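As a plain string of letters, each chain reads:
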Amino acid sequence: MEKLPQYLTEKQVSESTGLSQKTLSQHRWKSTGLPYSKFGRSIRYKFDDVLAFMEAGRIEPETSNTH
């Protein structure tokens, strides 16, 4: 059986990303930001999409080998 994707609530995404729920709402209204799904009146974000969004902002500092 194929594993179903995990979905997060707006509150969970807000806590994980540091984006306010209001910002997430504005992104949906402007059709920007994270992809989302609507189930009736509920908004859900796919866990993998949230991870990809966070990884896209990843910055790896340069390492210096000089002493």
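Before any of the text, the structure's been laid out above.
Below or above, wherever it landed, is the structure these notes cover. Because the structure is predicted, anything quoted here is derived from the model rather than measured.

## Some words on the side chain of Glu10
With respect to the helices and strands, the residue Glu10 is situated in helix H1 (residues 10-17). One polar contact links Glu10 to Arg28, side chain to side chain, over a distance of 2.8 Å. Each residue touching Glu10, except ones within four places of it in the same chain, is listed here: Gln21, Leu24, Ser25, Arg28, Ile43 and Tyr45.

## Observations concerning H1
When H1 is considered as a whole, its buried residues turn out to be Glu10, Val13 and Ser14. Each buried residue of H1 sits inside an arc of 100° when the element is viewed along its axis, so together they form one side. Turned more than 90 degrees away from the buried face of H1, the exposed residues are Lys11 and Glu15. For H1, the elements touching its buried residues are strand E1 (7-9), helix H2 (21-30), strand E3 (42-46) and helix H3 (47-56).

## Quick word on the sheet that holds E1
Note on sheets: strands pair through backbone hydrogen bonds, and any given pair is parallel or antiparallel. Ordered in space as E1-E3-E2, the 3 strands form an open sheet in which the pairing is antiparallel. The open sheet has two free edges, formed respectively by E1 and strand E2 (37-39), since each of these has just one partner strand. Averaged over all neighbouring strand pairs, the angle between strand axes comes to 45°, with direction disregarded. In this structure, E1 lies alongside E3, joined through 3 bridges in antiparallel fashion. Each bridged residue has a counterpart across the sheet, and for Thr9 the counterpart in E3 is Arg44. Those strands touched by H1 are E1 and E3, and its axis lies near 85° from that of E1.

Rules behind the numbers
- Residues numbered from 1 in each chain as written.
- Predicted model: local features only at pLDDT ≥ 70, side-chain atom pairs only at ≥ 80, totals over all residues.
- Heavy atoms only, no water.
- Helix = DSSP H or I, 4+ residues; strand = E, 2+ residues; numbered from the N terminus.
- Polar contact = N/O pair within 3.5 Å; in protein donor to acceptor, adjacent residues only side chain to side chain.
- Contact = heavy atoms within 4.5 Å.
- Buried < 20%, exposed > 50% of the residue type's maximum accessible area, 1.4 Å probe, protein only.
- Arc of directions from axis to C-beta.
- Pairing = 2+ DSSP bridges.
- Axes fitted to C-alpha atoms, helices over the stretch in contact; angles between N-to-C directions.

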